[in-house]
Amino acid sequence: MQTSSSPSSRKRPNIAWTAKPTGDPKGNNDQDSAQPEPTKSQRPRLNPVSGASSSASTTSSDVRAATSASTSGATAATAASGSGQASSPLSFVPPPRDCVCEAMRRLYGYRLTTTSGGNISHRCRADGSVWLTPKGTDKGDMYRNQILYMTTDGVWHSETPELKPSTEHPLHLRLYSKLPHVFSIIHAHPPYLGGFAVTALVPNTRAIASAYCTCGSVGLCPYACPGTETLASLIEQQFASGAMCVLMANHGIMVAGDAMGETFNRFETLEFCSGAISNAVALSRANKAVGDPVNILTDAQLKSYSCFSDEVSSSWIPHLPTLVSIPCTPQESEAKYQISRFAARAYTQRLTSPSGITISSRIGPDSFVITPAYIDAANLAPADVITVKLTSGGNLNGAPLGYRSTSTLLPTCAASHAAIYATHPSINVVITAHPVFAMAFAISSNHFEGSIIPEGYIVLRDVPVLDFQASITPSMIASTLLQAPGKRPPPPPPAQPQLISPVAAIVRNDAVYVTGASLLQAFDRLEVMEAMAQQTVCGSQQGSLSLLGVKSLVEIEEGFF
């Protein structure tokens, strides 16, 4: 069971959440709902250091720092006092009914629930009202005026009188009354987590470091009839003990959080982690692997991972001087725009959970742009992307250039991206992600084969698997990519396939890394890796894999390299 020291029980930055109003615009009783729909750059932000809310400014300028300290680890950057960049007031809070409606539509759109299954609620901080999906409605075609709400006097209100609250509404209300830190709840029956539910087994989130940081340990609730006080009492006990994700045996999953964005990200992250575990187990059984089918991180390994720490280490926070504005270059603007497009595309293609991908792009010999931590990939705006400068030694410059908020958080893997750019001048793009099939190789002892089909060998070549230590040692990943992508020596006589330099790597219990000369090339490599991993998992369950022979590989090298 999750203890009080588990990362998900501590205050973390919320995922920026954009709710798109749908249907009848009337009927918002929340004090924030009278405002217009926000643009992506107006979404509310939560200060990752202090917890204060702020919003990103719509601007074509970037934030530059005259001087700054360098750091080689994951960097939480916060402006020094008196910097002249005051936090913007919170300009928009999505109406509760739109948060609930958008979350349900996304769940259904990615087959994480069925037409009639699941329920979502949100408790409004301003007036304590609870907003909930109705009973017996089409989850794939839900509109804002179908969302019901209950005021603090216990009376339900609805613009559509024939609609009734979800069958599980007593459970939602009970949790809100007992758990003051919970403001949103998602219950659904996604496929991978459903597989654990019907076996009464709990996915061990320690298989993936970022999943454990986001979800913590998962509680298990024994079966009880849906909609009953018995079920509500059992689930309440799990949440009261510290869990933020509770698996309901023979039923589904319930996830809670401080805000809808946080809860939704936690839900999808847990589903992605469960998928990776399921695929790893399937591979290990098909290959008759000896030992545990899934590698689990130790306490010491988790402590070395930045987001597990109770307090942000002072070594991660460089001193920032006064920040000044400098116009964005055309190359910088274009890179940020393309990154926002491909981040959303990665989410649509199910290559990532909302916060599970990091994309960076070189914009000069000593600088690159990168996606921030704790951001919703589906709604990433160009203004969200951070500009980072490298020092002469390849370390990160302390200032998160290009972001107008007074504080933001660089992703844990930013230092590895920086090391790759410093080591390999011809690599222009790096992507870090957690796709469910490729991650099966990251959390197990199964070998990723790059030679099962010609496309895989041409696009990816050999994909090495690195120890978890590489996740906190940036030089390990950079040194694995031995030479520039696209340059291949001819095979010596007699013709034998060369050990060609990898353009991608898998880091155990952490993530997959792909690189490229362009964003399109790197993204294609990520998609090919995931497609090959899926083919390997599916093929292994049918029989032994048939690999391309030496002659075939030599022909490919002669024809394509």
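Going by the structure above, here's the rest.
Residues numbered from 1 in each chain as written. Predicted model: local features only at pLDDT ≥ 70, side-chain atom pairs only at ≥ 80, totals over all residues. Heavy atoms only, no water.

For the rest of this paragraph, the subject is the environment of Thr228. With respect to the helices and strands, the residue Thr228 is situated in the loop between β11 (219–221) and α5 (229–240). Thr228 sits 58 residues away from Pro170 along the chain, and the two C-alpha atoms are 8.1 Å apart. (Helix = DSSP H or I, 4+ residues; strand = E, 2+ residues; numbered from the N terminus.)

Further remarks concern the packing of helix α1 (residues 96–109) against helix α6 (residues 260–286). α6 packs onto α1 with a crossing angle of 15° between their chain directions and a minimal axis gap of 11 Å. Viewed along their axes, α1 and α6 adopt a mutual orientation that is roughly parallel. You can see that α1 and α6 cross each other, and the crossing is right-handed. Along its contact with α1, which presents Cys99, Val100, Ala103, Arg106 and Leu107, the element α6 presents Met260, Phe264, Phe267 and Glu268. A breakdown of the residues in the contact of α1 with α6 according to their chemical character gives seven nonpolar, no polar and two charged. (Axes fitted to C-alpha atoms, helices over the stretch in contact; angles between N-to-C directions. Parallel < 35°, antiparallel > 145°, perpendicular 65-115°, else oblique. Left-handed = near helix turned anticlockwise from the far one by under 90°. Contact = heavy atoms within 4.5 Å. Nonpolar A, V, L, I, M, F, W, Y, C, P; charged D, E, K, R; others polar.)

Our next topic: the sheet that holds strand β22 (residues 504–507). A sheet is described by the order of its strands in space; here seven strands give the open sequence β17-β16-β15-β20-β23-β22-β21, paired in mixed fashion. Of all the strands in the sheet, the pair left with one neighbour each is β17 (386–389) and β21 (465–466). Strands in contact with helix α13 (residues 519–540) are β15 (358–364), β20 (429–433), β22 and β23 (511–516); relative to β23, the strand with the most contacts, it is inclined by about 140°. (Pairing = 2+ DSSP bridges.)

Two numbers describe how helix α8 (residues 330–348) lies on α13: the axes approach to 11 Å, and their chain directions differ by 15°. In terms of axis orientation, α8 runs roughly parallel to α13. As α8 runs across α13, the sense of the crossing is right-handed. Taking contact as the criterion, the partners of Gln338, Ile339, Phe342, Arg345 and Ala346 in α8 are, on α13, Leu519, Leu520 and Phe523. For the contact of α8 with α13, the class distribution of residues is six nonpolar, one polar and one charged.

Attention now goes to the pairing of strand β13 (residues 252–257). Burial runs high along β13: six of the six residues are buried. Burial of β13 is two-sided: the residues Gly252, Met254 and Ala256 facing one way and the residues Ile253, Val255 and Gly257 facing the other way are all buried. Of the strand pairs in this sheet, strand β10 (residues 184–188) and β13 are connected by five bridges, and their pairing is antiparallel. Paired with Ser184 across the bridge in β13 is Gly257. Of the strand pairs in this sheet, strand β12 (residues 245–248) and β13 are connected by four bridges, and their pairing is antiparallel. Bridged to Met248 within β13 is Gly252. Between β12 and β13, which pair antiparallel and follow one another directly, the connecting turn spans three residues, one of which, Asn250, has a positive phi of 55°. (Buried < 20%, exposed > 50% of the residue type's maximum accessible area, 1.4 Å probe, protein only.)

Right, let's get into the side chain of His172. Counting through the fold element by element, His172 comes out in helix α2 (residues 169–178). A distance of 2.6 Å separates a polar atom in the side chain of His172 from a polar atom in the side chain of Asn119. Filtering out sequence-adjacent residues up to four positions away, His172 remains in contact with Asn119, Ile120, Ser121, Leu132, Ile185 and Met254. (Polar contact = N/O pair within 3.5 Å; in protein donor to acceptor, adjacent residues only side chain to side chain.)

The next subject is the pairing of β22. Burial along β22 is two-sided: the residues Ala504 and Ile506 and Ala505 and Val507 are all buried. One ladder, built from two bridges, connects β21 with β22; its direction is parallel. Bridging from a neighbouring strand, Val465 pairs with Ile506 of β22. Where β22 lies against β23, four bridges are found, and the strand directions are antiparallel. Among the inter-strand pairings, Ala505 is bridged to a residue of β23, identified as Tyr513.

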